[in-house]
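Descriptive structure summary
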Amino acid sequence: MLKLALNPIQWYATPDGWIDPSVAPPLEERLAVIARSGFTTIQTELPGTDAEAGYVARLAQYGIVPGPGYFAASWSPSANEQEARIEAARISATAHARLGVDTVFISSGMSKDSARVREAAVGAQFDADRLAALTPFLGKVGEAMRSEGVKTALHPHVGTWVETEAETRFVLDNTDPDALWFGPDIGHLAWAGANYLQLLKDYSARIPGIHVKDFRTGVVAEGRAQRLDYQATIQRGLWQEPGQGDCDFSAVFGALPQDQDRWVVIEVDYPTMTPAESVGRCGIWAKSLNA
């Protein structure tokens, strides 16, 4: 069974092709639109500890509950910084668990000035030694979050050190499946040139959920061929509302066994219309999945 959730990231999109949560309108304004669009679950935005009960209550006023979370497990060669980040992951998992959230997607972190943002989706500056060092760190992040009762799912993402299919497979093949699951983002894997359908099939037993976003294959090809930066590729119209682009969602869902419950987090990182209109379009598409 597919468990649907919305990541209302549309409100975070900035004209330069980046994401900035500070530009979003108040939560209640967003929740009203999300509820009208038919969604009952959203990606969790962790409040402070003192605000957790209030956060759940505010969502409940609109018939919405917290859904899968997200954590950026930024890697550093410093052992002390790694330990601090692992502890931050554990604390994040504890907070998610208190909200009733069972799954958290984790990426290896990214910044605007990183090499893979400047040259996106081509595995820029690949370093086998860095990948070998990063992998056990991500495994420890998964173990720390598992200790708090949360499933941690690796989320390959353009602009991070786990971007390509080969990097994704390396991390998954060299970590404990019970500690680090797989939470693919179909759009980001497609952008990085991965055979995402084969990845879904090969690691299906390890996937508690996926992120889905629609994309234009022409922009993917153009961006990779010209080695465009992250923001320039997005500004050329990479992302589309679901059903408006070139992603074969029938093939995506067909690649996953139908006898397991999975989260499907719908998102549009850079909407082609107003955020409210984009969320509404996502809601229409979501209803078609259960038709």
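Placed above this text is the structure.
In what follows, the accompanying structure is described. On a predicted model such as this, the values are computed, not experimentally measured, just so you know. (Residues numbered from 1 in each chain as written. Predicted model: local features only at pLDDT ≥ 70, side-chain atom pairs only at ≥ 80, totals over all residues. Heavy atoms only, no water.)

Attention now goes to the pattern of salt bridges. According to the stated counting rule, one finds 15 salt bridges in the structure shown. For Arg146, the salt bridge goes to Asp176, with nearest N and O atoms at 3.8 Å. Residue Arg146 is found in helix α5 (residues 128–146), and its partner Asp176 is found in the loop between α6 (165–173) and β7 (181–182); the two are separated by 30 residues along the sequence. Using a relative accessible area of 37% as the deciding quantity, one classes Arg146 as partly exposed. You can call Asp176 partly exposed: its relative accessible area is 33%. (Salt bridge = Lys/Arg side-chain N within 4 Å of Asp/Glu carboxyl O. Helix = DSSP H or I, 4+ residues; strand = E, 2+ residues; numbered from the N terminus. Buried < 20%, exposed > 50% of the residue type's maximum accessible area, 1.4 Å probe, protein only.)

Here we take up the sheet that holds strand β4 (residues 69–72). Here four strands make up an open sheet; going across it, the order is β4-β5-β6-β7 and the pairing parallel. Of all strands in the sheet, those bounded by a partner on one side alone are β4 and β7. Two elements, strand β6 (residues 151–154) and β7, share two bridges in a ladder whose sense is parallel. Considered in β7, the bridge of Ala153 is made with Trp181. Sheet strands in contact with α5 are β4, β5 (103–107) and β6, and its direction is about 155 degrees off that of β6. (Pairing = 2+ DSSP bridges. Contact = heavy atoms within 4.5 Å. Axes fitted to C-alpha atoms, helices over the stretch in contact; angles between N-to-C directions.)

Glancing now at the pairing of β4. Here β4 shows a clear split, with Gly69 and Phe71 buried on one side and none of Tyr70 and Ala72 buried on the other. Relative to β5, β4 is paired through four bridges, and the arrangement is parallel. Its bridge partner lying in β5, Phe71 is registered against Ile106. Between the parallel pair β4 and β5, the chain is carried across by helix α3 (residues 79–98), and the sense of this crossover is right-handed. (Right-handed = clockwise from strand over helix to strand, strands pointing away.)

So, on to the nonpolar core. Within soluble globular proteins, side chains that are nonpolar generally end up buried alongside one another. Counting residues in each nonpolar core, the largest one holds 77 residues, and the members touching the most others are Leu138, Trp191, Ile210 and Phe215. Of the residues forming this core, the biggest block, seven residues, is contributed by α5. Once residues within four sequence positions are removed from consideration, Leu138 is found in contact with Ala73, Ile106, Leu154, Val162, Val171 and Leu180. In terms of nonpolar packing, the next biggest core, distinct from the first, is built from six residues, Ala5, Ala153, Trp181 and Val265 among them. (Core = buried A, V, L, I, M, F, W, Y, C linked by side-chain atoms within 4.5 Å.)

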